[in-house]
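Coordinate analysis (summary)
Residue strings, one per chain:
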Amino acid sequence: MASHESGNGDDRRPLRVGISGLGTVGAALIRILTEDGEAIARKLGRRVVVTAVSARSRSRDRGVDISGFTWFDDPVALAKSEDIDLYVELIGGEDGPALASVTAALERGTSVVTANKALLARHGTALAGLAEKCHVQLGFEAAVAGGIPVIKTLREGLGSAAITRVYGIMNGTCNYILTRMGNEGIGFEECLRDAQDLGYAESDPTFDIEGFDTAHKLAILASLCFETEIAADQVMVEGISRITQADIKVAADLGYKIKLLGMARKVEDGIEQRVHPTLVRKSSAIAGVDGVLNAVALETNHVQELLLAGPGAGGEATAASVLSDILDFARGGHVPPLGVPVAELDPCQRAPMRIHEGGYYIRLNAKDVPGALAAIATRMGEGNISLESVIQRPDLRASEPGVPEENSRTVVLITHETLESAVRDALERIARDGFIVGQPQLIRIEEF
Ligand SMILES: NC(=O)C1=CN([C@@H]2O[C@H](COP(=O)(O)OP(=O)(O)OC[C@H]3O[C@@H](n4cnc5c(N)ncnc54)[C@H](O)[C@@H]3O)[C@@H](O)[C@H]2O)C=CC1
Ligand SMILES: N[C@@H](CC=O)C(=O)O
Ligand code: NA
């Protein structure tokens, strides 16, 4: 479309969409646009048609017919095409063709819809500014918590309410893994393989299991919540790759579940953004969000707490969110991509984690020698760390690869509220005393 005055083309003629990336999400989007074409036309008063596509391989069978679309080898050429009114980027990756094609589309005056949280975590502030400068839209509902309309809720649904804290389960792959490890006792690797087969995981699944995908999403949410620039590099990140069946079992015995949470809040020193495995009480609402489901809780000064839950990953759920952005664009929605103009965003001032206070789950492999437990308790006392419980679990030996089975026993400490720095200092002393083998497992406890 040569001119982009209205930004969404002529209201009567079909809205022409170009899609780069025909994988799990891209193929699902084509399926939805085909199957629901008439319903969409009724809802919108105009048809939405795919006119151009791009992917690495033209011949791969994706279960959808792409023969009627113009093929582009290069996503950038597609993004610049005169034959589209809207560019949809579903390639992935924080740079490369995803960044090049989205930038090209925006610079050309073509609005963009993307599901690419890695791209937005790294370049989102700049891309939002470019969209504003070029008077076009940048939609990314699918990028955070898949099928849950959390971006729209934050951008348009809370009026003047100020968000004080946002937290939640934001990675479907990890939630699926932790749920099946707990419910079925299945091993980590097998659960990850199943998540990949189901199309939940990133093309590089370390983004999922090491927490980076959650960090990307949290950084985007924090920007919308606190009107700050996106700062994914400021997020403290720990993944779930060290979570063992022993941790899940002991947590369950103590009335907890382990969830990978992303949490951000405004504190005196700035914005605290953290992603880590967390013990949550089984009785809490967030503990009930299992499998591939995500949940995002928004604490505001007006509405106590909103909890939005739904599918966080999977082609269809994600494509549904992409479609919601397409429909918003077609209706001429004009909201700054990050809720407020980029020029009004504050820089994100990182609040250090060492000031964090909370309860801790600590699993140690204590040597089977006299005085080991006493020494551990003494070091905790010296650190002014009050212990809620000390649990010995000889039944959970060899709870971690590389830790000798003989001569050690699994000991779990649950602390009361304490400073993170005190816990870490005490664990360093315990390690230096030589009464433990392997790395302690430290999991924060959150009371919701
Ligand atoms: N799978 C899911 O449940 C969700 C995925 N997302 C995001 O959606 C995006 C797509 O994800 P998936 O569909 O799962 O990935 P995928 O790996 O299944 O598909 C990626 C597609 O991009 C194409 N591609 C890669 N490099 C290309 C290049 N240089 N030129 C042209 N095409 C290229 C591939 O051929 C493939 O068709 C990613 O940014 C992902 O983070 C967001 C929410 C959920
Ligand atoms: N790999 C991601 C896909 C959705 O964002 C996840 O598992 O949540
Ligand atoms: Na979403």
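Residues numbered from 1 in each chain as written. Chains lettered and ligands numbered in written order. Predicted model: local features only at pLDDT ≥ 70, side-chain atom pairs only at ≥ 80, totals over all residues. Heavy atoms only, no water.

Quick word on the coordination of the sodium ion (ligand 3)
To keep things clear, this is the line we draw: With water excluded from the atoms, a metal site may look incomplete; its donors are any N, O or S atoms within 2.8 Å, or within 3.2 Å for Na, K and Ca.
Around the sodium ion (ligand 3), the protein contributes the donor atoms Glu-141 (O), Glu-141 (OE), Val-144 (O), Gly-146 (O) and Ile-148 (O), which lie 2.3 to 2.9 Å from the metal centre. In the primary sequence, the donor residues of the sodium ion (ligand 3) line up as E-x2-V-x1-G-x1-I.

Notes on the site of ligand 1
Heads up, the rule is: Here a residue is considered near a molecule or strand provided that any single heavy atom belonging to it is located within 4 Å of it. Distance and chemistry together define a polar contact, namely a pair of N or O atoms within 3.5 Å, with one atom able to donate a hydrogen and the other to accept it when in protein, and with adjacent residues in sequence counting only for side-chain atoms on both sides. Computed with the Shrake-Rupley method and a 1.4 Å probe, the accessible areas treat only the protein chains shown as cover for residues. In the cavity and pocket records, a cavity denotes points on a 1 Å grid over the protein atoms alone where a 1.4 Å probe fits but cannot get out, a pocket denotes an open set with protein on both sides within 12 Å along at least 5 of 7 lines, and lining residues are residues with an atom within 4 Å of a point. Think of it this way: a molecule belongs to a cavity or pocket when more than half its atoms come within 2 Å of the grid points there. Gly is placed with the polar residues, together with every amino acid not listed as nonpolar (Ala, Val, Leu, Ile, Met, Phe, Trp, Tyr, Cys and Pro) or charged (Asp, Glu, Lys and Arg). Here the limits of each domain have been adopted from an automatic or database domain assignment.
Around ligand 1 lies a shell of 23 residues, among which Thr-24, Val-25, Lys-117, Glu-202 and Gly-314 are the nearest. Arg-56 places a polar main-chain atom, nitrogen or oxygen, 3.2 Å from an oxygen atom of ligand 1. One nitrogen or oxygen atom from the side chain of Lys-117 is found 3.4 Å from an oxygen atom belonging to ligand 1. About the coverage of ligand 1: the protein hides 86% of its 840 Å² of free accessible area. Spatially, ligand 1 is embedded in the largest pocket. Residues belonging to the shell around ligand 1 are distributed by class as follows: 11 nonpolar, nine polar and three charged. Each of two domains, domain 1 (15-147 + 318-344) and domain 2 (150-310), supplies a minimum of three residues to the shell around ligand 1.

Quick look at the UniProt feature "active site" (unreviewed entry) in the protein
Threshold: UniProt positions are given in the numbering used here, feature names are shortened, and annotations may be inferred rather than shown by experiment. Put simply, DSSP marks the helices as runs of H or I at least four residues long and the strands as runs of E at least two long, and each gets a number from the N terminus on. Throughout this description, buried means an accessible area under 20% of the type-specific maximum (1.4 Å probe, protein chains only), exposed means over 50%, and partly exposed covers the range between. Here, two residues are considered to be in contact whenever any of their heavy atoms come within 4.5 Å of each other.
According to UniProt, the positions carrying the feature "active site" (unreviewed entry) are Lys-217. In this fold, Lys-217 is placed in helix H10 (residues 212-226). For Lys-217, a relative accessible area of 4% puts it in the buried group. Dropping the residues within four chain positions of it, Lys-217 is found in contact with Lys-117, Ala-143, Val-144, Ala-145, Met-170 and Asn-171.

Re the state of the cysteines
Under the convention used in this document: To count as a disulfide, a pair of cysteine sulfur atoms needs to be within 2.5 Å.
For the structure on display, the rule yields zero disulfides. Cys-348 forms no disulfide, and the closest cysteine sulfur to it belongs to Cys-225, at a distance of 12 Å.

Details of the domain arrangement of the protein
Note the threshold: Each of two parts loses accessible area, computed with a 1.4 Å probe, when they are put together; buried area is these two losses added.
Domains assigned within the protein are domain 1 (15-147 + 318-344), domain 2 (150-310) and domain 3 (353-446). Counting residues at the interface gives 24 residues for domain 2 and 21 residues for domain 3. Between domain 2 and domain 3 lies a buried interface of about 1,900 Å² when both sides are counted; carbon and sulfur atoms form 56% of it. Summed over the three residues of domain 2 that lose the most area to domain 3, namely Arg-242, Val-250 and Leu-279, the buried surface amounts to 30% of that side.

Observations regarding the layout of surface pockets
Here is the rule we go by: Grid points are joined across faces, edges and corners, and a volume is the space filled by probe spheres set on the points.
Of the pockets and cavities examined, the largest pocket occupies roughly 1,200 Å³. Taken together, 48 residues form the lining of the largest pocket, with Leu-90, Ile-91, Gly-92, Glu-202 and Ser-203 sitting closest to its centre. Mapped onto the lining of the largest pocket, the elements with two or more residues apiece are helix H1 (24-35), helix H5 (117-133), helix H7 (172-184), helix H9 (206-209), H10 and helix H12 (315-330). The dominant element in the lining of the largest pocket, judged by the number of residues it contributes, is H10, at three residues. Residue classes in the lining of the largest pocket are distributed as 15 nonpolar, 21 polar and 12 charged. Three or more residues apiece are contributed to the lining of the largest pocket by two domains, here domain 1 (15-147 + 318-344) and domain 2 (150-310).

Looking at unusual backbone geometry
One non-glycine residue, His-135, lies in the positive phi region at around 55 degrees. By the secondary structure assignment, His-135 is in the loop between H5 and strand S6 (138-139). For His-135, a relative accessible area of 65% corresponds to the exposed category.

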